[in-house]
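# Chains, contacts and geometry: an overview
Listed below, chain by chain, are the residues.
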Amino acid sequence: MKPEFPSRFFQVVIDIKDGDIITFKNEGEYIVFPDGTKVFAIHAENASVEKDIRLNKTSYNNLAKQYGEDCSKWIGKAAQANIVKQAVRGELRDVIYLNLPNLDERSNVIKE
């Protein structure tokens, strides 16, 4: 038997895939890991799971253009996950970038 080590964060392929729509559930918070690494994470849900997602600066900027800079105003808003392979600390990894989904005039997500 292989032990499982669940994560509090969305994991690519396991919890989230390219094109998934997530909805923000809180305004987010900074999390400091034991090694001193500091990340900003927002609690969100997709169709299958509710977890935290690490928000990188590019994703923040993409979403702030539409939703504003105050993350507390993002609660209930949607974002679309785009998964790309990127070099992180010399290792090729899957990275989640968040963008605006296709929205109608009332800011409802248009399902494709």
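## Concerning the nonpolar core
Ranked by internal contacts, the top residues of the largest apolar core, which has 19 residues, are Ile22, Phe24, Ile53, Leu63, Trp74, Ile96 and Leu98. Elements with a minimum of two residues in this core: β1 (21-24), β3 (38-45), α1 (57-67), β5 (78-88) and β6 (91-99). With near-sequence residues (within four places) excluded, Phe24 lies in contact with Ile42, His43, Ala44, Leu63, Trp74, Ile75, Gly76, Lys77, Ala79 and Leu98.

## Overview of the pairing of β6
Pairing of β5 with β6 involves nine bridges; the strand directions are antiparallel. Directly across from Val88, in β6, lies its bridge partner Glu91. Here β5 folds back onto β6, and the loop between the two strands holds two residues, one of which, Arg89, carries a positive phi near 50°.

## A look at the side chain of Asp20
Among the structural elements, Asp20 can be located in the segment before β1. In this structure Asp20 comes out as buried when scored by relative accessible area, which is 14%. At a separation of 3.0 Å, a polar atom in the side chain of Asp20 contacts the main-chain amide nitrogen of Lys17. Residues within four places of Asp20 in sequence aside, it is in contact with Asp15, Asn46, Ala79, Gln80 and Ala81.

## Some words on the packing of aromatic side chains
Inspection of every chain in the model, using the stated rule, returns five aromatic pairs. Between Phe9 and Phe33, the ring centres sit 6.1 Å apart and the planes meet at 50°, which makes this aromatic pair tilted. Taken together, the residues Phe9 in the segment before β1 and Phe33 in the loop between β2 (29-32) and β3 connect sequence positions 24 residues apart. Accessibility expressed as a relative area gives 26% for Phe33, which makes it partly exposed. Where Tyr60 meets Trp74, the ring centres are 5.6 Å apart and the plane angle is 25°; that geometry is what we call stacked. Highlighted residues: Tyr60 in helix α1 and Trp74 in the loop between α1 and β5, separated in sequence by 14 residues. Overall, the relative accessible area of 24% leaves Tyr60 in the partly exposed class.

Each value, and the rule that gives it
- Residues numbered from 1 in each chain as written.
- Predicted model: local features only at pLDDT ≥ 70, side-chain atom pairs only at ≥ 80, totals over all residues.
- Heavy atoms only, no water.
- Core = buried A, V, L, I, M, F, W, Y, C linked by side-chain atoms within 4.5 Å.
- Buried < 20%, exposed > 50% of the residue type's maximum accessible area, 1.4 Å probe, protein only.
- Helix = DSSP H or I, 4+ residues; strand = E, 2+ residues; numbered from the N terminus.
- Contact = heavy atoms within 4.5 Å.
- Pairing = 2+ DSSP bridges.
- Polar contact = N/O pair within 3.5 Å; in protein donor to acceptor, adjacent residues only side chain to side chain.
- Phe/Tyr/Trp six-rings, centres within 6.5 Å; stacked < 30°, edge-to-face > 60°.

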